Amino acid sequence: MYKSMIISDSQMRSIDKLARSGNNDLGFAYMQKAGAGAAGVLQYKWGAFDEDEVIVICGKGNNGGDGLVMAQALKELGANPEVLLVSHPENFKNEAQLAWLEFLESQIPWKSWNGESLEWEESDIIVDAILGLGSVGEPQEDIKPLLNSIHEASDNGIYLVALDAPTGNLNADLTVLFGFTRWSAIDPLSSQYFGELGLVNLEYPEAILRGFLGVNETPHLLDSQWYLPFIPSRDALGDKRSHGTGLLIAGGENMGGAAVLAGFGALRLGIGYLKIGCASTERLLVQSQLIEAPYIDWLALDYGGTQKIWTEVDAIAMGPGLGLDTNVQEKVIHWYQNFPGTMVLDADGLNAFKGRSELLKLGSNTRTGARILTPHRGEFERLFGPLDEPLESIVKRVSSIAQDYGIEILLKGPVSILASSRGEVVLYKQASSALARAGTGEILTGILLALSTRWLAPEFAFPSLALGVWLHGMAADLAKDDLSEISMRSSEIPNYLGQAVEYLLDQVLDENDDFMDRFGDIEDDSFGGFDDLDDIEDSD
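In what follows, the accompanying structure is described. Quick caveat, the model's predicted, so the values are computed rather than measured.

### A closer look at the pattern of salt bridges
The full count for this structure, using the stated rule, is 16 salt bridges. Between glutamate 196 and lysine 45 there is a salt bridge; the shortest N-O distance is 3.0 Å. Remark: lysine 45 occurs in helix 2 (residues 24-46) and glutamate 196 occurs in strand 9 (residues 196-200); sequence separation between them is 151 residues. On the basis of relative accessibility, which here comes to 23%, the residue lysine 45 falls in the partly exposed class.

As structure tokens, this is what we get:
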């Protein structure tokens, strides 16, 4: 559980210092794990090496030592590394000095940088192992010419990898984090230079971690493995109702497409029986696209009709494209407060509570099921007031509201925040702009409806939400890879949900995967498992 936690830079420094305990041998063991792990991450992202030219630029501290170890691992993996030292070798101290002595035996070419101009034409990859977490404030004047040269090489297409953090304003294509994901690497205010992220698990002793981190109080990155049990299965002996019955209330006047997109999301994730309530003006459009789903005139339902339909469905999703009609909003509020099952609320379903957000609060004696709210930032602020940066503060605010109101919240954005009514917080960072287009939120609403019909107990609402967010993002990435990030359409994303499920199962459950055999366990960009530290941790 500790692997996926998100911590601050200062927490990371403190944990690392305490784990090393001033023991150079122990520190060098962690350095070996970091450097070898970084090489594994790079190979995973880059592909098999075929004598690719890699320049590893090493500072004089531990980040430089990580780079020295990485260079040796890259050589073993088939790359052709060279090392450029920013300082004289005699400036290496402690575990970095041990790394240097071992590096000398590798016969990898190296030289010290003396301020001369550099040529990068023959290089395929540059590794920034200059400062790492020591990169605070402006870099020293004496290395700025080197950084400018690296920056120019990166602008000319050479792949730039940073270890732990880019130095200065270098714009990395990939940053390999050591130990844990840090706020600085995912907060949009500070992460613009990090590029794609990889993570090497250094397997710090749990006794040390417990002193710094509470498993339930510390936010985590979304780890899809946790939610494997919630993938909807198919029962050969089941019928349509045993595979989930859901009601989608969406598509007000001139907004039938919102209902269609949400319906696609639910159907493509295997919902057994979907019913649609939309504006009568949109019925022809919606039913011509969602031919499996019968139409419900939900606004015309009286008390008896409402109670009957509630008994026939396992979950309800409300909101996409409903509009702001007063009668619609009042009915949304009534259903929200009284439907006994799980409800997903999005878009205009949320807007119905503008100025009266206290009605969203679930009392302790409520007869309703779980409530899942999926606002983007604007919708959230209309309900609960402004959000103040940085990301860590926003996370605390969203989590506080989720617990106070007794609801599950997904705050959608470049870094999406999932907060449970029980205090759990999970973050999901989308790797591309594939979801930055109209209609993707509606598809997610349908996905969450399908999952909610299969897991009815309130305690399963948050795992279903987390799994739905991951599948939604993965389906978008698969569509992007197949159709291109520019030309893909939102309506095509549901077609890739089946592949997203298969991808998750293949990646997590295939114990014979070549990469896992070579580099250890993978958990959503987590890598580790190189050397056992047990023996050295017991030494003085």
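Picking up after the structure, the text goes on.
### Details of the environment of tyrosine 503
Position of tyrosine 503 relative to the elements: it lies in helix 17 (residues 497-509). When the C-alpha atoms of tyrosine 503 and methionine 474 are compared, they prove to be 8.6 Å apart, with 29 residues separating the residues in sequence. Apart from residues lying up to four places away in sequence, tyrosine 503 is in contact with Tyr44, Trp470 and Met474.

### Overview of the pairing of strand 16 (residues 408-411)
The side chains of a regular strand alternate, first on one face of the sheet and then on the other. Alternating residues of strand 16 divide into Glu408 and Leu410 and Ile409 and Leu411, and every residue in both groups is buried. In the sheet, strand 15 (residues 371-373) pairs with strand 16 via two bridges, with the strands oriented parallel. Directly across from isoleucine 372, in strand 16, lies its bridge partner glutamate 408. Looking at chain direction, strand 16 and strand 17 (residues 415-419) are connected through three bridges and run antiparallel. The residue bridging leucine 411 from the neighbouring strand is isoleucine 417, located in strand 17. Connecting strand 16 to the antiparallel partner strand 17 that follows it, the hairpin turn spans three residues.

### Overview of the nonpolar core
Grouped together as the largest cluster of nonpolar side chains are 58 residues, with contacts concentrated most on Leu222 and Leu418. For this core, the secondary structure elements donating two or more residues are helix 8 (256-268), strand 12 (273-277), strand 13 (315-318), strand 18 (425-429), helix 15 (440-452), helix 16 (461-483) and helix 17. For this core, the element with the most residues is helix 16, which contributes 13 residues. With 52 residues, the next largest nonpolar core counts Leu345, Phe353, Leu391 and Leu411 among its residues.

### Observations regarding the pairing of strand 5 (residues 125-129)
In terms of residue burial, strand 5 counts as a mostly covered element, since five of its five residues are buried. With burial as the criterion, each face of strand 5 is covered, one bearing Ile125, Val127 and Ala129 and the other bearing Ile126 and Asp128. Judged from the five bridges that link them, strand 2 (residues 53-58) and strand 5 form a sheet pairing that is parallel. Bridge assignment links valine 54 to a residue of strand 5, and that residue is isoleucine 125. Strand direction decides the pairing type here: strand 5 and strand 6 (residues 159-163), joined by four bridges, are parallel. Counted as the bridge partner of valine 127 is valine 161 from strand 6.

### Remarks on the packing of helix 15 against helix 16
Contact geometry for helix 15 and helix 16: axes closest at 9 Å, N-to-C directions at 135°. Comparing their axes, helix 16 and helix 15 come out oblique. You can see that helix 15 and helix 16 cross each other, and the crossing is right-handed. In contact with Thr440, Ile443, Leu444, Ile447, Leu448 and Leu451 of helix 15, helix 16 contributes Ser464, Leu465, Leu467, Gly468, Val469 and His472. In terms of residue class, the contact of helix 15 with helix 16 is made up of eight nonpolar, four polar and no charged.

Cut-offs applied
- Residues numbered from 1 in each chain as written.
- Predicted model: local features only at pLDDT ≥ 70, side-chain atom pairs only at ≥ 80, totals over all residues.
- Heavy atoms only, no water.
- Salt bridge = Lys/Arg side-chain N within 4 Å of Asp/Glu carboxyl O.
- Helix = DSSP H or I, 4+ residues; strand = E, 2+ residues; numbered from the N terminus.
- Buried < 20%, exposed > 50% of the residue type's maximum accessible area, 1.4 Å probe, protein only.
- Contact = heavy atoms within 4.5 Å.
- Pairing = 2+ DSSP bridges.
- Core = buried A, V, L, I, M, F, W, Y, C linked by side-chain atoms within 4.5 Å.
- Axes fitted to C-alpha atoms, helices over the stretch in contact; angles between N-to-C directions.
- Parallel < 35°, antiparallel > 145°, perpendicular 65-115°, else oblique.
- Left-handed = near helix turned anticlockwise from the far one by under 90°.
- Nonpolar A, V, L, I, M, F, W, Y, C, P; charged D, E, K, R; others polar.

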